[in-house]
Amino acid sequence: MCVLAKKDVLRYSELRKEMGNITDAVLASMLKELIQNQMIERHSYDEIPPRVEYSLTAKGQSVVPILQSICKWSGIYYREDSENTMIQCQKCDYKE
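These lines cover the structure that appears in this document, whether it is placed above or below. Sequence positions are assigned chain by chain, starting from 1 and proceeding in written order. In keeping with the model being predicted, local features are shown solely for residues with a pLDDT of at least 70 and side-chain atom pairs are shown and tallied solely at 80 or more, while totals for entire chains, interfaces and linings include all residues. Each side-chain value is worked out from all heavy atoms of the structure, with water and hydrogens disregarded.

Section: the packing of helix α2 (residues 12-19) against helix α3 (residues 24-36)
So the rule is basically this: In this analysis an axis means a line fitted to C-alpha atoms, helices contributing only their contacting stretch, and an angle means the value between N-to-C directions, from 0 to 180 degrees. Strands are runs of DSSP state E lasting at least two residues, helices are runs of H or I lasting at least four, and both sets are numbered from the N terminus onward. Handedness of each helix crossing follows the sense of rotation of the near helix against the far helix: counterclockwise by less than a right angle gives left-handed, clockwise gives right-handed. Contacts are assigned to residue pairs with any non-hydrogen atoms lying within 4.5 Å of each other. Any residue outside Ala, Val, Leu, Ile, Met, Phe, Trp, Tyr, Cys, Pro, Asp, Glu, Lys and Arg is labelled polar, Gly included; the first ten of those are nonpolar and the last four are charged.
Two elements in contact, α2 and α3, have axes whose closest approach is 11 Å; the angle formed by their N-to-C orientations is 115°. Where α2 crosses over α3, the handedness of that crossing is right-handed. Contacts between α2 and α3 involve Tyr 12, Leu 15 and Arg 16 from the first element and Asp 24, Leu 27, Ala 28 and Leu 31 from the second. For the contact of α2 with α3, a count of residues per class yields five nonpolar, no polar and two charged.

Comments concerning α2
To be explicit about the condition: For each residue, the accessible area found with a 1.4 Å probe, counting protein chains only, is set against the maximum for its type, and the residue is called buried under 20%, exposed over 50%, and partly exposed in between. When we speak of the arc, we mean the arc of directions from the helix axis to the C-beta atoms.
Those residues of α2 lying buried are Leu 15, Glu 18 and Met 19. What you see down the axis of α2 is that its buried residues fit within an arc of 95°, all on one side. Exposed side chains of α2 directed beyond 90 degrees from the buried face belong to Ser 13 and Lys 17. Of the residues flanking the end of α2, it is Gly 20, one or two places downstream, whose phi is positive at about 75°.

Examining the pairing of strand β2 (residues 40-45)
Threshold: Following DSSP output, two strands are said to pair if at least two bridges run between them.
Pairing geometry for β2 and strand β3 (residues 51-56), over six bridges, is antiparallel. By the bridge assignment for β3, His 43 is matched with Glu 53. Taken together, β2 and the strand that follows it, β3, pair antiparallel across an intervening segment of five residues.

Quick look at the nonpolar core
For clarity, the threshold we go by: Nine residue types can take part in a nonpolar core, namely buried Ala, Val, Leu, Ile, Met, Phe, Trp, Tyr and Cys, and a core is a set of them joined through side-chain atoms within 4.5 Å.
Leu 4, Leu 15, Leu 31, Ile 40 and Tyr 54 are the most contacted members of the largest nonpolar core, which has 16 residues in total. For this core, the elements supplying multiple residues, two or more each, are α1 (2-7), α2, α3, β3 and α4 (58-77). For Leu 31, the contacting residues outside a window of four places in its chain are Tyr 12, Leu 15, Ile 40 and Tyr 54.

Remarks on the sheet that holds β3
Across the sheet, which stays open at both edges, the three strands sit in the order β1-β3-β2 with antiparallel pairing between neighbours. Each edge of the open sheet is held by one strand with a lone partner, namely β1 (9-11) and β2. This sheet shows a mean twist of 30° between the axes of neighbouring strands, independent of strand direction. Docked against the sheet, α2 engages β1 and β3, running at close to 95° with respect to β1. Contacting β2 and β3, α3 runs over the sheet at an angle of about 105° to β2.

Have a look at this one:
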């Protein structure tokens, strides 16, 4: 969600690259769940090769400030070894 909030629209391969350490199975499952919960939208284009883009819905955008608050809080009260921190969390602008 935070990756999409920062980038606006991403193709699957770009999203996978941003996530870094996530398997295709987990990413596909999470995208499917987020689509079902109307948090993200999947736009497919009738092109060759096929193009699919993902973006946040209004509902998804509404939860971003909450996620940012959690990230900020965790930066204050929970310090992690940056070696084990997820790639997208290392880029987070909301850590203290």
